[in-house]
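Structural description and commentary
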Amino acid sequence: MKKRGILYIATGAGYTKMAIASAKSVKQIHPDLAIHLFTDQENIQSAFIDSYGLIKNPNRRSKIQYLNHTPFQETLFLDADTQVLQSLGDIFDWLKKYDLAMVHAMRRNTFATNQHWRENIPNAFPQLNSGVILFRATEPVKKLFEQWKNAYEQTAFRLDQVT
């Protein structure tokens, strides 16, 4: 397992192309940072992707299903529609103290993101953005991702952030 890298999980030709464009933005600033892509597209050939794996049976849950398959001990997962504009700086230093770090979702109080599931969470508590996840591949994190995957598979929510 490699020490550190960026992970993308994208299905469909369009999202895979967006992930490669995002990877390009990373490599322009951090050329030595490893990038892995999970996709349902075959024969990925890009100077910006260091390794890739094939998603079997792609679906709306592919992101959650493949987080635990990261090839890195320390992973920054980025959604395909992200773009890195400046240095990531010391972002991985957060993992010296924490196993997992996420940013707040920007639109917490919309119908799609503010749906009730198990608990009625007050609007004052932000939802987490599942498009930027920094994590160490520890057993507690793997267990959390497995629980998240199972919870999401049992719901009809379109967005994974609710669960």
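All figures in this text were calculated on a predicted structure; none of them were measured in a lab.

So, how was this worked out
Residues numbered from 1 in each chain as written. Predicted model: local features only at pLDDT ≥ 70, side-chain atom pairs only at ≥ 80, totals over all residues. Heavy atoms only, no water. Helix = DSSP H or I, 4+ residues; strand = E, 2+ residues; numbered from the N terminus. Pairing = 2+ DSSP bridges. Axes fitted to C-alpha atoms, helices over the stretch in contact; angles between N-to-C directions. Polar contact = N/O pair within 3.5 Å; in protein donor to acceptor, adjacent residues only side chain to side chain. Contact = heavy atoms within 4.5 Å. Expected span 1.5 Å × (residues − 1). Buried < 20%, exposed > 50% of the residue type's maximum accessible area, 1.4 Å probe, protein only. Arc of directions from axis to C-beta. Salt bridge = Lys/Arg side-chain N within 4 Å of Asp/Glu carboxyl O.

A word on unusual backbone geometry
Residues apart from glycine generally show negative phi values, whereas peptide bonds are mostly found in trans. Of note in the backbone geometry, Asn43 takes a positive phi value of approximately 55° without being a glycine. As for its placement among the helices and strands, Asn43 is situated in the loop between strand E2 (34-39) and strand E3 (51-54).

Points about the sheet that holds strand E4 (residues 72-78)
The strands making up a sheet associate through hydrogen bonds between their backbones, and the pairing can be parallel or antiparallel. The strand order across the open sheet formed by 6 strands is E3-E2-E1-E4-E6-E5, and the pairing between neighbours is mixed. Two strands bound the open sheet, and with one partner strand each, they are E3 and strand E5 (100-104). The mean angle between the axes of side-by-side strands here comes to 25°, regardless of whether they run parallel or antiparallel. Note: strand E1 (residues 2-10) against E2, 6 bridges, orientation parallel. Paired with Gly5 across the bridge in E2 is Ala34.

As for the side chain of Lys27
As for its placement among the helices and strands, Lys27 is situated in helix H1 (residues 13-29). At 2.8 Å, the side chain of Lys27 and the side chain of Asp50 are in polar contact. With residues up to four places along the chain from it excluded, the contact list for Lys27 reads Leu33, Ala34, Ile35, Phe48 and Asp50.

Digging into helix H3 (residues 139-153)
Counted at 1.5 Å a residue, the expected span for H3 with its 15 residues is 21 Å, and the 21 Å between its end C-alpha atoms agrees. For H3, the full list of buried residues reads Val141, Phe145, Trp148, Lys149, Ala151 and Tyr152. Take H3 and look down its axis: the buried residues cluster within an arc of 165°, on one side only. In H3, the exposed residues that point more than 90 degrees away from the buried face are Glu139, Pro140 and Lys143. Each element contacted by the buried residues of H3 is listed here: helix H2 (62-66), E5 and strand E6 (128-136).

So, H1
In a regular helix each residue adds 1.5 Å, so 17 residues correspond to 24 Å; H1 covers 25 Å between its end C-alpha atoms and thus fits that length. Taken residue by residue, H1 has Thr16, Ala19, Ser22, Ala23, Ser25, Val26 and Lys27 as its buried positions. Buried residues belonging to H1 abut E1, E2 and E4.

Overview of the pairing of E1
Note that E1 and E4 share 5 bridges and pair parallel. Along E4, the bridge assignment pairs Ile6 with Leu76.

Topic: the pattern of salt bridges
Summed over all chains, the structure comprises 8 salt bridges. In this structure, Lys3 engages Glu74 in a salt bridge whose closest nitrogen and oxygen atoms are separated by 3.3 Å. One end of the pair, Lys3, is in strand E1; the other, Glu74, is in strand E4, and 71 residues separate them in sequence. Its relative accessible area of 48% is what places Lys3 among the partly exposed residues. According to the relative accessible area criterion, Glu74 is buried, its value standing at 8%. Among the ionic pairs, Arg136 bridges to Asp99, the shortest N-O distance being 2.1 Å. Separated by 37 residues along the polypeptide, Arg136 in strand E6 and Asp99 in the loop between E4 and E5 bring together distant segments of the chain. A relative accessible area of 27% places Arg136 in the partly exposed class. The class for Asp99 is partly exposed, based on a relative accessible area of 23%. Where salt bridges share partners, they join Lys3, Arg4 and Glu74 into one cluster.

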